[in-house]
2 protein chains.
Amino acid sequence: MSSACLIIIGNEILSGRTQDLNLAFLGKRMNEIGIRLVEARVIADDFETIINTLNECRNKYDHVFTTGGIGPTHDDITSAAVAEAFGLPLIRDPEAVALLCQHYANAEDLNEQRLKMCEVPEGAILVDNPISKAPGYQIGNVFVLAGVPRIMQAMYEALKERLIPGKPMKSRTIVAFMGEGSLAKGLGDVQNAHSETEIGSYPFIRNGKLGTALVLRGADQDALNEATEAVTELVSGFDVEHFEESSAE
Amino acid sequence: MSSACLIIIGNEILSGRTQDLNLAFLGKRMNEIGIRLVEARVIADDFETIINTLNECRNKYDHVFTTGGIGPTHDDITSAAVAEAFGLPLIRDPEAVALLCQHYANAEDLNEQRLKMCEVPEGAILVDNPISKAPGYQIGNVFVLAGVPRIMQAMYEALKERLIPGKPMKSRTIVAFMGEGSLAKGLGDVQNAHSETEIGSYPFIRNGKLGTALVLRGADQDALNEATEAVTELVSGFDVEHFEESSAE
């Protein structure tokens, strides 16, 4: 199974001002096409940090996604850092310029700062942005995307054919209104007997009621179904409300 | 200013099943007490990965927080990995056992799996969990907390006196309903003239309307106010709706 890593670039995420939504989105999409999202990093808008993190991650993982820092303002330094990380010159991409020329009807709106959004490392392949036109791009195994979730998501749809897919990850979820501690022994036994399926146990508090979500994940549907049956049998042994929850994944 | 890093441990965050809320919470709290949250990492429930990430981060940052993986089930491996990372034995803490004994009225409920929640690296100092009793703990500069946001937040309140505080980060936010590209030149000039204040520009789409949030952050209130005045003056030069937004930070 090929691997992926997400690098979330932005002081606003670390300061708590902005709630990141891109990680959960990408995680779900990776399941669908059978790529394992192995790690995510949230880093500041700092030139050296971006370079070092990118170089570490692009050597370690098959796919690297970055979000944030490709706008027109002074704090948008991702592209300069990506070019530096790859040791490539930052060039003004003619195709990107043409896209922005179409988008900004008044020539004066296409100022120097907006043209910064056309700068990519030499050799980059653009990623379409149907929302606000300024493109993302791919360079090597790195996909450089916008931070605004709606734009990031549209860019993902535009690039997904370029990824190396695997067997989609499927999942099933059993919810039981009980503490996970009472289930733990039996659940560990089920996990040992069904090693092909990954079983996670996630306690939650819903309307003041304690419950546990038992999430089963795997690429093999039959193995997943068998493990889910075993978990359902385990939970049925307790006198508590339980049901299968439709998986959003 | 002292530094902090958050390590979010859990397959459910990387699979997109669970939306992380702990990063935004911690980021806001760090602003309040003047600690810089420099980085966050989201990693899988994998023994070696937890050890390596923890050892890298605890050497690099003044404070490290971990969330997740301290429950009673087979996939809760954080404490074993933390002990291994520190080269310390994992011991059953008598104080933690006493806490759980009080919590579980029926002795049979305090099974071997739940007692796993009392295992900490030798020398750890417990962190109170007023919600479900099973404690977090501190070992060296590392704070090991629960993943469930309500419990994580309660644990943070219980430990915050142990952190090394600095000058609180203050922030002000100016919202303007315009693209950031038209502001970029002037904003860069304001940033250069007010280097003590960090100015971020964050485009958003609200009810289909494009806008930009200009976020100013700094520990010096006077410098922050001066920079905010300069940004307000800049924005006033455009014929668009704009206002100061009350900062949630």
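Structure shown above.
Note on numbering: residues in each chain are counted from 1, in written sequence order. Naming scheme: in the order in which they are written, chains are lettered from A and ligands are numbered from 1. The predicted origin of the model limits local features to residues at a pLDDT of at least 70 and limits the giving and counting of side-chain atom pairs to 80 or more, whereas totals for whole chains, interfaces and linings rest on all residues. Think of the side-chain values as coming from all heavy atoms in the structure, minus any hydrogens and water.

A. The arrangement of the sheet that holds strand β12 (residues 242-245) of chain A in detail. All names here are of chain A. Read from one edge of the open sheet, four strands run β10-β11-β9-β12, paired in antiparallel fashion. Both outer strands of the open sheet, β10 (198-206) and β12, are each paired with one neighbouring strand and no more. The average angle at which neighbouring strand axes cross in this sheet is 25°, direction not considered. We call two strands paired when DSSP finds no fewer than two bridges between them. Strands here are runs of E lasting at least two residues and helices are runs of H or I lasting at least four, both read from the DSSP assignment and numbered beginning at the N terminus. Bridge analysis of β10 against strand β11 (residues 209-218) gives nine bridges, and the strand direction is antiparallel. In the strand pairing of β11, Gly200 is matched with Val215. Running at roughly 5° to strand β9 (residues 170-176), helix α9 (residues 221-236) makes contact with β9, β10, β11 and β12 of the sheet. Here an axis means a line fitted to C-alpha atoms, over the contact stretch when the element is a helix, while the angle between two N-to-C directions is reported on a 0 to 180 degree scale. Whether two residues are in contact is decided by their heavy atoms: any pair within 4.5 Å suffices.

B. Representation of the state of the cysteines. All names here are of chain B. By definition, disulfides here are pairs of cysteine sulfur atoms that lie within 2.5 Å. Taken as a whole and judged by the stated rule, the model has zero disulfides over all chains. Among the cysteines around Cys57, which has no disulfide bond, Cys5 carries the closest sulfur, lying 3.7 Å off. Exposure is judged per residue with a 1.4 Å probe applied to protein chains only, and the accessible area is read against the type maximum: over 50% gives exposed, under 20% gives buried, and values in between give partly exposed. By relative accessible area, Cys57 is classed as buried at 0%.

C. Summary view of the relation of the copies chain B and chain A. To superpose the copies, least squares is applied to the C-alpha atoms of every residue with a pLDDT of at least 70 in both. Superposition record for chain B on chain A: RMSD 0.0 Å, screw rotation 180°, translation along axis 0.0 Å. Put plainly, the chains are arranged around a two-fold axis. Using C-alpha coordinates, one finds that chain B approaches the rotation axis most closely at Arg41 of chain B, a distance of 2.3 Å. Taken together, the interface assignments show that 100% of the residues at the interface of chain B recur at the interface of chain A, consistent with an identical surface on both copies.

D. Here's a closer look at the interface of chain B and chain A. In this complex, chain B contributes 57 residues to the contact, which on the side of chain A involves 57 residues. Values labelled buried area give the accessible surface lost by two parts on being combined, using a 1.4 Å probe and summing over both. Of the roughly 4,500 Å² buried where chain B meets chain A, counting both sides, 55% is carbon and sulfur surface. Every element with two or more residues in the side of chain B that touches chain A is listed here: α1 (11-14), α2 (22-33), β2 (36-43), α6 (112-115), α8 (180-193), β10 (198-206) and β11 (209-218) of chain B. Residue contributions to the side of chain B that touches chain A peak at eight residues, all from α8 of chain B. Gly counts as polar in this scheme, as do all residues outside two lists: the nonpolar Ala, Val, Leu, Ile, Met, Phe, Trp, Tyr, Cys and Pro, and the charged Asp, Glu, Lys and Arg. For the side of chain B that touches chain A, the class distribution of residues is 22 nonpolar, 19 polar and 16 charged. Pairing of strand β2 (residues 36-43) of chain A with β2 of chain B, which is carried by five bridges, proceeds in the antiparallel orientation.

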